[in-house]
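What follows is the residue order along each chain.
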Amino acid sequence: MSGPEPSGGEEAKQAKEAEDAEKFSFMATVTKAPKKQIQFADDMQEFTKFPTKTGRRSLSRSISQSSTDSYSSAASYTDSSDDEVSPREKQQTNSKGSSNFCVKNIKQAEFGRREIEIAEQDMSALISLRKRAQGEKPLAGAKIVGCTHITAQTAVLIETLCALGAQCRWSACNIYSTQNEVAAALAEAGVAVFAWKGESEDDFWWCIDRCVNVDGWQANMILDDGGDLTHWVYKKYPNIFKKIRGIVEESVTGVHRLYQLSKAGKLCVPAMNVNDSVTKQKFDNLYCCRESILDGLKRTTDVMFGGKQVVVCGYGEVGKGCCAALKALGAIVYVTEIDPICALQACMDGFRVVKLSEVIRQVDVVITCTGNKNVVTREHLDRMKNSCIVCNMGHSNTEIDVTSLRTPELTWERVRSQVDHIIWPDGKRVVLLAEGRLLNLSCSTVPTFVLSITATTQALALIELYNAPEGRYKQDVYLLPKKMDEYVASLHLPSFDAHLTELTDDQAKYLGLNKNGPFKPNYYRSVPLLGAL
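Predicted model only: the values in this text are computed from it and were never measured.

Engineer: Looking at this model, I keep getting lost on the pairing of strand β5 (residues 246–249). Mind explaining?
Structural biologist: Across a regular strand the side chains alternate sides, sitting on one face of the sheet and then on the other. Burial along β5 is two-sided: G246 and V248 and I247 and E249, pointing in opposite directions, are all buried. Here strand β4 (residues 221–224) runs beside β5; their pairing, made up of 4 bridges, is parallel. Looking at the pairing, D224 lines up with E249 of β5. Bridge count for β5 against strand β6 (residues 271–273) is 3 bridges, and the pairing is parallel. Note that in β6 the partner of I247 across the bridge is A271.

Listed below in structure tokens is the structure:
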């Protein structure tokens, strides 16, 4: 039977405990926890309440002063000291003495040139087309007026068109998507570009008009993304519109406008529907959005998607890409659809097809991908839960009824570039991204390689329309010949070291095909025309 522990052992034990407590100082904090934990619980309770207006304005201003920050959050070259001065009020010239442009800051040209050079590295197919055709100059004499997103990738396309003999004047199709440094680089290179990030609505139309209304220069080709340029020329300059040799349109919104003109008998020039080309639908719309949707949401909101409930409006190619990306990160994804074919695809891909009104109170994120108008109405916005994120992946800015939010009872608070909190009288707030405009090109970047496919398709469509013999194309909307779709795809295969199998003569005869293609019929498409985006 053991006796009591010697006093010396007790002293040694206490000394050891004191040494350990000093060594692991955080344990001392834990032992004092009760009062601290109660205080922490109070803090949490206060934190979960709807925020009051006190201090909000100073916080939002400290995070972001303006929506006109540089396009790339990874590398911003915008001189903030110039933010208060409109580019329209500046007198700028490039190194050659030309002032035939209007950009944020021509001094950013060197940085923009680096962005373009980086993009060229992943657009080898478009560069290959440039090298193959620049000797022939198939666009010599073409005067192209363009209205697209002005990014490094689009700059590669514009400079390719110039290398093929065209003269170009360019404006932006989205007031938030212009890379200021890239626009400066194009202006330095001699392209008449009128665009900057953060244009007003008036600036937007002014830039388009400066591209069209020029003494001694008249456009004969249009490259459009959304139909705004085409609409402007048709309405304001009908004499110029009648002399256009061809229109190339790449968005579902713009294509819809063209079909409306054609149906009404008012389309007096041939137009090429690039949006429904397989090389646009199956690649740009699907794969580009699959990767860029997460990029745009992460940069603006830092949201974690695991377990979040998300509703995607529209299950066309854009919707499919968004749903695939969100599902992969563990989000619970719902889909809304008007087309039973697309709805059935969504069901078989494992998504629940619902009406927006059925889930609007419970979802954490709402994403529109339809190309339609008023998909998300004020009634939906009123019923959303606190901190719901609302954004648009379609080209048009009409999918979310943003106009209905500009009322006296609601408070708008800018918290980051392209991030607004819309605050209801009871303190509820909805997070609106890019004011309802295209999320990925307004708030983040898009994969260069995928845009190379679309840009190559656009270049070939312009070459085809400009060089087509008289009578080949009438005053209507056309789809790119399938042979060109396949040619664009083939130009991109070397990047993957892919090797195509060739048909034998017997196999080609059996299938009723030419050995060299086209391998798909002209009616082959990824989605029905004028269906969901």
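Engineer: In this structure, what is going on with the packing of helix α6 (residues 124–133) against helix α7 (residues 152–163)? I would like to understand it.
Structural biologist: At their nearest, the axes of α6 and α7 sit 9 Å apart, and the two run at 10° to each other. Here α6 is positioned roughly parallel relative to α7, judged by the angle of their axes. Across the interface between the two elements, L126, I127 and R130 of α6 pack against V156, L157, E159, T160 and A163 of α7.

Engineer: What should I look at first to understand the UniProt feature "binding site: substrate" (unreviewed entry) in the protein chain in this one?
Structural biologist: The residues that UniProt annotates with the feature "binding site: substrate" (unreviewed entry) are T151, D225, E250, K280 and D284. From the set just named, the residues that line the largest cavity comprise T151, D225, E250, K280 and D284. Relative to the helices and strands, T151 is located in the loop between β1 (143–148) and α7. Judged by its relative accessible area of 1%, T151 falls in the buried class. Looking at the element boundaries, K280 is found in helix α13 (residues 278–301). Using a relative accessible area of 6% as the deciding quantity, one classes K280 as buried. Discounting residues that sit within four places of it in the chain, K280 has contacts with E250, V274, N275, N285 and T454.

Engineer: Sorry, what's going on with the environment of A184 here?
Structural biologist: Looking at the secondary structure, you find A184 in helix α8 (residues 180–188). Residue classification places A184 among the buried positions, given a relative accessible area of 0%. Once the C-alpha coordinates of A184 and N94 are considered, the two residues, 90 residues apart in sequence, prove to be 8.9 Å apart. If we skip the residues at most four places from it in the chain, A184 touches V103, N105, I106, Q108 and A109.

Engineer: What am I meant to see in the pairing of strand β10 (residues 365–368) here?
Structural biologist: Judged by which residues are buried, β10 turns out to be covered on both faces: V365 and I367 on one side and V366 and T368 on the other are all buried. Sheet topology places strand β7 (residues 309–313) next to β10; 4 bridges connect them, and they run parallel. The residue bridging V310 from the neighbouring strand is V365, located in β10. One ladder, built from 4 bridges, connects β10 with strand β11 (residues 389–392); its direction is parallel. The residue of β11 that forms the bridge with I367 is C391.

Rules used throughout
- Residues numbered from 1 in each chain as written.
- Predicted model: local features only at pLDDT ≥ 70, side-chain atom pairs only at ≥ 80, totals over all residues.
- Heavy atoms only, no water.
- Buried < 20%, exposed > 50% of the residue type's maximum accessible area, 1.4 Å probe, protein only.
- Helix = DSSP H or I, 4+ residues; strand = E, 2+ residues; numbered from the N terminus.
- Pairing = 2+ DSSP bridges.
- Axes fitted to C-alpha atoms, helices over the stretch in contact; angles between N-to-C directions.
- Parallel < 35°, antiparallel > 145°, perpendicular 65-115°, else oblique.
- Contact = heavy atoms within 4.5 Å.
- UniProt positions renumbered as here; feature names shortened; annotations may be inferred.
- 1 Å grid on protein atoms, 1.4 Å probe; cavity = no way out; pocket = protein on both sides within 12 Å on 5 of 7 lines; lining within 4 Å.

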